[in-house]
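# Examining the three-dimensional arrangement
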Amino acid sequence: GVAFASASFHYEEGADVADGGTTAGGIGAAYRFGPELTLGALLGAVTRIEDDPSVFLMPYVEWKASVYFTFRTEMRDGLGLEAMHHLDEKGVWSLLARGVFSERRFRLGEDAIRPNGVFEDSRFTVMVGGRWQPHAHLSVSLILGWDVRQQYALEDEGGRDREEFESRPGLVLGFTFTASF
C-alpha cells in the first residue's frame, strides 16, 4: 500500500504566500499478479488555488510485456503513461517514451495583470529519452520532449473572471536523478 500527504506553495513574488498554498493526500494499493503484471489504484484529493478541491481515482498498471518492454501509468510530473524498451535483460540501459498531462496554478501578486489573481498552466507533453539504472534504487534519465498542447488562463482574485489563451508548442529538455530508500 501507499499513503501520501503534501503541501506546496505556488506564488509570484509579491503575492501572499498563504494564498498560494495547496494540499494533497491519498491512499492506494496495488496487487502483483505475477512478475509481469501489477494492478492498483490511488484515491487522492487535492486543493487548488481559487478552485474547488478535486478528488480523483488514478489507476496503476505496470505490465512487463517481455524482458525488454514495460508499460505503466505514472504521476511524476502529472498524469501520464510510459513505455520503456530495455536494451539489455537486466534493464540497466533503457529507451523511454512518455505522455503526460499536467496542470499548475500560481497565485499572482498585487501588482500583476490580475491583482491577487491566479495564473493556470495546463499542458500535454510527449517525451522520449534514455535511462541508466545501475541499481534497483538508483537511476539517471535524459529526456527530450515537446509540449504538444499548452493552454494558459488568468483568473481574478475570486476565480470568477477567466480568460484563456493558447501558447505555441515548446521544446522540453529534462534530466532526472532518482534515488529511493
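Look up a bit, the structure's there.
Given the structure is predicted, the values throughout are model-derived calculations rather than measurements.

### Here's the deal with the packing of aromatic side chains
- Within the structure shown, the criterion is met by six aromatic pairs.
- Their ring planes at 35° and their centres at 6.1 Å tell us that tryptophan 93 and tryptophan 132 sit as a pair that is tilted. A residue pair is termed long-range when its members are at least 10 positions apart, and tryptophan 93 in strand E7 (residues 93-107) and tryptophan 132 in strand E8 (residues 118-135) qualify at 39 residues.
- Accessibility expressed as a relative area gives 36% for tryptophan 132, which makes it partly exposed.

### Some points on the nonpolar core
- Within the largest apolar cluster, five residues are counted, these being Met84, Leu96, Val100, Met127 and Ile143.
- In this structure, isoleucine 143 is in contact with Leu96, Arg98, Met127, Val128, Gly129, Val172, Leu173 and Gly174, ignoring residues within four places of it in sequence.

### Quick look at the pattern of salt bridges
- A full pass over the atoms with the stated rule returns 18 salt bridges.
- Across the pair arginine 72 and glutamate 62 runs a salt bridge whose closest N-O atoms are separated by 3.7 Å. Placement of arginine 72 in strand E5 (residues 69-74) and of glutamate 62 in strand E4 (residues 51-64) is noted, with a sequence separation of ten residues between them.
- Connected through salt bridges with shared partners, the residues Glu62, Lys64, Arg72, Glu74, Glu82 and Arg98 form a single ionic network.

### Overview of the environment of aspartate 156
- Mapped onto the elements, aspartate 156 comes out in the loop between strand E9 (138-155) and strand E10 (162-166).
- Spatially, the C-alpha atoms of aspartate 156 and proline 115 are 7.1 Å apart, while their sequence positions differ by 41 residues.
- In contact with aspartate 156, not counting residues within four places along its chain, are Arg114, Gly117, Val118 and Asp161.

### Quick notes on the pairing of E9
- Pairing between E8 and E9: 16 bridges, direction antiparallel. Across the sheet, the residue bridging to valine 128 is leucine 144, located in E9.
- The turn joining E8 and E9, which pair antiparallel and follow one another in sequence, is formed by two residues.
- Alignment of E9 against strand E11 (residues 170-179), held across ten bridges, turns out to be antiparallel. Along E11, the bridge assignment pairs valine 140 with phenylalanine 177.
- Relative to E10, E9 runs antiparallel, the two being bridged by five bridges.

Definitions and cut-offs
Residues numbered from 1 in each chain as written. Predicted model: local features only at pLDDT ≥ 70, side-chain atom pairs only at ≥ 80, totals over all residues. Heavy atoms only, no water. Phe/Tyr/Trp six-rings, centres within 6.5 Å; stacked < 30°, edge-to-face > 60°. Helix = DSSP H or I, 4+ residues; strand = E, 2+ residues; numbered from the N terminus. Buried < 20%, exposed > 50% of the residue type's maximum accessible area, 1.4 Å probe, protein only. Core = buried A, V, L, I, M, F, W, Y, C linked by side-chain atoms within 4.5 Å. Contact = heavy atoms within 4.5 Å. Salt bridge = Lys/Arg side-chain N within 4 Å of Asp/Glu carboxyl O. Pairing = 2+ DSSP bridges.

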